[in-house]
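What follows is the residue order along each chain.
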Amino acid sequence: MLRREFITLAGLLGAVCCLPLSAIAAVWNKLAFDATKLDEAQGGLGISGEIPSKAIEIIAPDRAENGAIVQVEVTSRIPDTTGIAIFVEKNPTALIANFVLDKPMQGKLVTRIKMAETSDVKVVVQAGGKYYSASKLVQVMENGCGGGGSANEKFNTSMKMRARLAGDVAEVKAIIIHPMHTGHAKDDFGQLIPADFIQLADVNLNDKPVLQMQWGTGIAKNPYLTFYLAGAKAGDKISLTWHDNHGRTASGETMVGNA
């Protein structure tokens, strides 16, 4: 069983670490995701004694014209990577996303985030029971955390997924239609737009869990995700299910195809 400190709740750390992935997937870490300070968010995930590492690569723009959509690619070359957490210290809430990886997941993923202002994007990796970190400064020209839209906005969710083999590794891409409102923005009539965002998302390979994700309001509108599965074969089924803070849920699936 993998260690799960990245998604435990403070005060329940020992008990939750003993739960299987399917049970932990039902727990969204409110303490960590509501934290406004970086150290509090890390503490909510149980992170301590992190070690700076050059084996973590962060690819993000040096300059983001619009902080509402900042693509971030993370690669961990640390053996036995089982967790990846993304933080932006100067956002209204510091924790962006928390990923728990099971075999055969590789330690590489791509997503799109919101950034309020110029800040470091910090990544903390869990591997072999230890924590490792790296940071990259992104200069933000326009605040991307205000959101937009209407307090009465309706949306029809949908999901697109595809998976293609490159050798024995499947590259999986997914995009989910969802507003991902932060809860901080007002519409044209001065009404506060309530928070409306995906909190949990799970990926299964042939009905077995391989990736569990917890997201905060810092994930960009219409969440985008790329991840990599080693040892996949053509015809394997990959499914993704999400749950948001209003109790909505949806699923999608795709079959692994040849490149």
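Scroll up a little and you will see the structure.
Sequence positions are assigned chain by chain, starting from 1 and proceeding in written order. Local features in this predicted model are restricted to residues whose pLDDT is 70 or higher, and side-chain atom pairs enter the listing and the counts only when it is 80 or higher, whereas totals over whole chains, interfaces and linings include all residues. Water and hydrogen atoms were dropped before computing side-chain values, which therefore reflect all heavy atoms in the structure.

Re the overall build of the protein
Then comes step 1: Working definition: helices are DSSP H or I runs of at least four residues, strands are E runs of at least two. Numbering for both runs from the N terminus. Regarding its fold elements, the protein presents 4 helices and 16 strands.
Then comes step 2: Burial here depends on accessible area, computed with a 1.4 Å probe over protein chains only, as a share of the maximum for the residue type. Under 20% is buried, over 50% is exposed, and the range in between is partly exposed. Within the protein, the fraction of its 259 residues that count as buried is 51%.
Then comes step 3: Long-range pairs, those at least 24 residues apart, make up 66% of the contacts in the protein with a sequence separation of at least 6.
Then comes step 4: Only carbon and sulfur atoms are counted for the fraction: they give 51% of the accessible area of the protein, which is about 11700 Å². Whether two residues are in contact is decided by their heavy atoms, any of which lying within 4.5 Å being enough. All accessible areas in this document rest on Shrake-Rupley with a 1.4 Å probe, and a residue is counted as covered only by the protein chains that are shown.

Observations regarding the packing of aromatic side chains
Then comes step 1: A pair of Phe, Tyr and Trp rings is counted when the ring centres sit within 6.5 Å of each other, with Trp represented by its six-membered ring. The angle between the planes then sorts it: under 30 degrees is stacked, over 60 is edge-to-face, the rest tilted. Within this structure, the stated rule accounts for 2 aromatic pairs.
Then comes step 2: An angle of 15° between the planes, with centres 5.2 Å apart, marks the rings of W28 and F33 as stacked. Both residues of the pair, W28 and F33, belong to the buried class.
Then comes step 3: Ring centres of W28 and F197 lie 5.7 Å apart, and the angle between their planes is 55°; this geometry places the pair in the tilted category. You can see W28 sitting in the loop between α2 (21–24) and α3 (30–34) and its partner F197 sitting in the loop between β11 (169–176) and β12 (198–205), a full 169 residues away along the chain. Both residues of the pair, W28 and F197, count as buried.
Then comes step 4: Three or more aromatic residues joined by ring pairs form one cluster here, namely W28, F33 and F197.
Then comes step 5: In this scheme, Lys NZ or Arg CZ marks a charge over a ring once it lies within 6 Å of the ring centre and within 35 degrees of the ring normal. For R112, the ring lying beneath its charged end belongs to Y224, and the centroid distance is 4.1 Å.

Looking at the pairing of strand β7 (residues 105–113)
Then comes step 1: Pairing between strands requires that DSSP locate at least two bridges from one strand to the other. Relative to β7, strand β4 (residues 70–76) runs antiparallel, the two sharing 6 bridges. Counted as the bridge partner of V70 is I113 from β7.

Points about unusual backbone geometry
Residues other than glycine predominantly adopt negative phi, and peptide bonds predominantly adopt the trans conformation.
Then comes step 1: Here the residue pair K103 and P104 is connected by a cis peptide bond, since its omega of 10° sits within 30 degrees of zero.
Then comes step 2: With respect to the helices and strands, P104 occurs in the loop between β6 (95–101) and β7.
Then comes step 3: The phi angle at D207 is positive, at roughly 70°, despite the residue not being glycine.
Then comes step 4: For D207, the position within the fold is in the loop between β12 and β13 (208–215).
Then comes step 5: Its relative accessible area of 54% is what places D207 among the exposed residues.

Brief notes about the environment of A94
Then comes step 1: For A94, the position within the fold is in the loop between β5 (81–88) and β6.
Then comes step 2: We classify A94 as buried; its relative accessible area is 0%.
Then comes step 3: C-alpha of A94 to C-alpha of D39: the two residues are 55 residues apart in sequence and 8.9 Å apart in space.
Then comes step 4: Once residues lying within four places of it in the same chain are set aside, the contact partners of A94 are A35, K37, L38, A41, I86, F87, V88 and E89.

Some details on the side chain of Q199
Then comes step 1: Position of Q199 relative to the elements: it lies in strand β12.
Then comes step 2: According to the relative accessible area criterion, Q199 is buried, its value standing at 17%.
Then comes step 3: Ignoring any residue separated from it by four or fewer positions in sequence, one finds Q199 in contact with W28, M213, Q214, W215, H243, D244 and N245.

Focus: the pattern of salt bridges
Then comes step 1: Any Lys or Arg side-chain nitrogen located within 4 Å of an Asp or Glu carboxyl oxygen qualifies as a salt bridge. According to the stated counting rule, one finds 10 salt bridges in the structure shown.
Then comes step 2: The salt bridge partner of E65 is R63, with a shortest N-O separation of 2.9 Å.
Then comes step 3: Judged by its relative accessible area of 52%, E65 is exposed.

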